[in-house]
Amino acid sequence: MERWLALELVSTIRHDGDGGLTDDLATARGVDRWLEAQADLLADHVTVGELAADDDLRREIVEVRQAVRALFARAVGPAPPSTADAGQVMPAERALTYVNTVAAREAVVPQMDWPSDGDPVVRLVSAEGDPAVRLLAALARAAVDFLSGPQRTRLRACSAPRCVRYFVKSHGRQEWCKPSCGNRARAARHYQRQRLATDGGPASP
């Protein structure tokens, strides 16, 4: 299953199973755990274990997440955004400026490799020594890549009760981020139909 770093970042806000929300980035230790889980997606930018999150880095990552969630809310419009964003989302223009600014913090330079038995190959490498800056820039650039790519048109906010996730549609009729959300949404619709039938039916003798 394809994974996107930007989508993983916004998914750190999720339903807690009890009617509320939980934030995987609420503590520095939570950030460390999340970074460990994204080691494969971050491998070209920062080595997990190269830095330990402190509260300053945690706050900066959370601010990048807020900006990315605002841009996700814009991307799914005119459909409703995630209920976690409704009414409290960062203005889209401010979010765009912030993401672009953070993405530009890391300087990259071209580097050419030329094997003796092949053609020259040029790649961009980081000129930034601070792993925290590389990490933040990687998160912002992941959002830039995601939102400028073809998956943006398939981005949706899950409409299941209590779910606050965004997801990328994998087929034409997909309405929910995962099967359990589909089951919950169908159960809620069934309950609503039953209730309407009962309320609108003939009065009991």
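Quick caveat: nothing in here was measured; it's all calculated off a predicted structure.

Novice: Describe helix α5 (residues 92–103), naming the residues involved and giving the relevant values.
Specialist: In this model, α5 (12 residues) spans 16 Å end to end at C-alpha, consistent with the 16 Å of a helix rising 1.5 Å per residue. All buried positions along α5 are accounted for by Ala95, Tyr98, Val99, Val102 and Ala103. For α5, the buried positions fall inside an angular range of 130° around the axis, keeping them on one side. Elements that come into contact with the buried residues of α5 comprise α4 (55–76) and α6 (131–147).

Novice: Could you give an account of the side chain of Gln174, naming the residues involved and the relevant values?
Specialist: Counting through the fold element by element, Gln174 comes out in the loop between β6 (166–168) and α7 (179–200). Note on Gln174: relative accessible area 14%, which makes it buried. Dropping the residues within four chain positions of it, Gln174 is found in contact with Phe167, Val168 and Lys169.

Novice: Account for the environment of Arg123, naming residues and giving values.
Specialist: Within the secondary structure layout, Arg123 lies in strand β4 (residues 121–126). Separated by 14 residues in the primary sequence, Arg123 and Val109 place their C-alpha atoms 8.3 Å from one another. With residues up to four places along the chain from it excluded, the contact list for Arg123 reads Val109, Pro110, Gln111 and Asp113.

Novice: Describe the layout of surface pockets, listing the residues and the values that go with them.
Specialist: Over the atoms rolls a probe the size of a water molecule, and in doing so it shows where empty space is left. Counted as a void, the largest pocket has a volume near 430 Å³. Residue lining of the largest pocket: 17 residues in total, with Met1, Leu7, Tyr166, Phe167 and Cys177 positioned closest to the centre. Looking at which element gives the most residues to the lining of the largest pocket, the answer is β6, with three residues. Taken together, the residues of the lining of the largest pocket break down into seven nonpolar, three polar and seven charged.

Novice: Could you give an account of a nonpolar patch on the surface, with specific residues and numbers?
Specialist: Side chains of Met112, Trp114 and Val122 sit close together on the surface and give an oily, nonpolar patch of about 380 Å² of accessible area. With respect to the element layout, Met112 can be found in strand β3 (residues 108–113).

Novice: Kindly report on the packing of aromatic side chains, identifying the contributing residues and their values.
Specialist: In total, this model carries three aromatic pairs according to the counting rule given. Where Trp4 meets Phe146, the ring centres are 5.8 Å apart and the plane angle is 85°; that geometry is what we call edge-to-face. Of this pair, Trp4 sits in the segment before α1 (5–10) while Phe146 sits in helix α6, and the two are 142 residues apart along the sequence. The same class applies to Trp4 and to Phe146, which are both buried. With centroids separated by 5.5 Å and ring planes inclined at 90°, the aromatic side chains of Phe72 and Tyr166 adopt a geometry described as edge-to-face. Taken as a pair, Phe72 in helix α4 and Tyr166 in strand β6 lie far apart in primary sequence, 94 residues in all. Look at Tyr166 and you get buried, because its relative accessible area is 3%. Members of the aromatic cluster, each reached through a chain of ring pairs, are Trp4, Phe72, Phe146 and Tyr166.

Rules and cut-offs
- Residues numbered from 1 in each chain as written.
- Predicted model: local features only at pLDDT ≥ 70, side-chain atom pairs only at ≥ 80, totals over all residues.
- Heavy atoms only, no water.
- Helix = DSSP H or I, 4+ residues; strand = E, 2+ residues; numbered from the N terminus.
- Expected span 1.5 Å × (residues − 1).
- Buried < 20%, exposed > 50% of the residue type's maximum accessible area, 1.4 Å probe, protein only.
- Arc of directions from axis to C-beta.
- Contact = heavy atoms within 4.5 Å.
- 1 Å grid on protein atoms, 1.4 Å probe; cavity = no way out; pocket = protein on both sides within 12 Å on 5 of 7 lines; lining within 4 Å.
- Points joined across faces, edges and corners; volume = space filled by probe spheres on them.
- Nonpolar A, V, L, I, M, F, W, Y, C, P; charged D, E, K, R; others polar.
- Patch = residues over 30% accessible without salt bridge, like charges linked within 9 Å, V, L, I, M, F, W, Y side chains within 5 Å.
- Areas by Shrake-Rupley, 256 points an atom, 1.4 Å probe, with all protein chains shown as cover.
- Salt bridge = Lys/Arg side-chain N within 4 Å of Asp/Glu carboxyl O.
- Phe/Tyr/Trp six-rings, centres within 6.5 Å; stacked < 30°, edge-to-face > 60°.

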